[in-house]
Amino acid sequence: MQAPQEHFNQLEAIFQKYAEALEADVRALQKVHETEQWPSAWKQIYNWRFAQCFVSQRIFRNWAADCAAWNLLPKRLYPNRGNRWEEVTDIEED
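Treat the numbers as computed from the prediction; the structure is a model and nothing was measured.

**Some thoughts on the packing of aromatic side chains**
Scanning the model with the defined rule gives 5 aromatic pairs in all. Both rings, one in Tyr 46 and one in Phe 50, keep their centres 5.9 Å apart while their planes meet at 35°; by these two values the pair is tilted. Taken as a pair, Tyr 46 and Phe 50 lie in helix 2 (residues 40-55) at a separation of 4 residues, close to a single helical turn. Relative accessible area serves as the criterion here: at 38%, Phe 50 is assigned to the partly exposed category.

**Comments concerning the side chain of Thr 35**
On the secondary structure map, Thr 35 appears in the loop between helix 1 (4-32) and helix 2. Thr 35 gets classed as buried once you look at its relative accessible area, which sits at 13%.

**Examining the confidence of the model for the protein**
Close inspection of predicted coordinates is inappropriate in any region flagged by low pLDDT. Scored by pLDDT, the protein has a mean of 86; 82% of the residues are at 70 or more. Here helix 2 stands out as the least confident element of the protein, with mean pLDDT 88; helix 1 is the most confident, with 96.

**Details of a nonpolar patch on the surface**
Where nonpolar side chains cluster on the molecular surface, the patch consists of Ile 14, Phe 15, Tyr 18, Ile 59 and Trp 63 and spans about 510 Å² of accessible area. Of all elements in the fold, only helix 1 and helix 3 (58-69) reach the threshold of two or more residues within the nonpolar patch. With 3 residues, helix 1 is the largest single contributor of residues to the nonpolar patch. On the secondary structure map, Ile 59 appears in helix 3.

Conventions and cut-offs
- Residues numbered from 1 in each chain as written.
- Predicted model: local features only at pLDDT ≥ 70, side-chain atom pairs only at ≥ 80, totals over all residues.
- Heavy atoms only, no water.
- Phe/Tyr/Trp six-rings, centres within 6.5 Å; stacked < 30°, edge-to-face > 60°.
- Helix = DSSP H or I, 4+ residues; strand = E, 2+ residues; numbered from the N terminus.
- Buried < 20%, exposed > 50% of the residue type's maximum accessible area, 1.4 Å probe, protein only.
- pLDDT = per-residue confidence, 0-100.
- Patch = residues over 30% accessible without salt bridge, like charges linked within 9 Å, V, L, I, M, F, W, Y side chains within 5 Å.
- Areas by Shrake-Rupley, 256 points an atom, 1.4 Å probe, with all protein chains shown as cover.
- Salt bridge = Lys/Arg side-chain N within 4 Å of Asp/Glu carboxyl O.

Encoded structure:
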């Protein structure tokens, strides 16, 4: 039987490995699609839709719910609404 600390050390290594790869893939896609250049209104929608993509994955949704239940997530402030969006609308291209 594996000791709990060794199990969690290995678990953290797995999370770190895949988190780095996931972030690299997302950043690469953002760069290719030049999301940095999008207007502020598009970025608001992007942030909402990005969160929807994240929570649509059952494993992330379940683990995020556990983190929230244990109060492990940092409190977030959104002073300018730039990182939030209440309603999804189609993004129109110019």
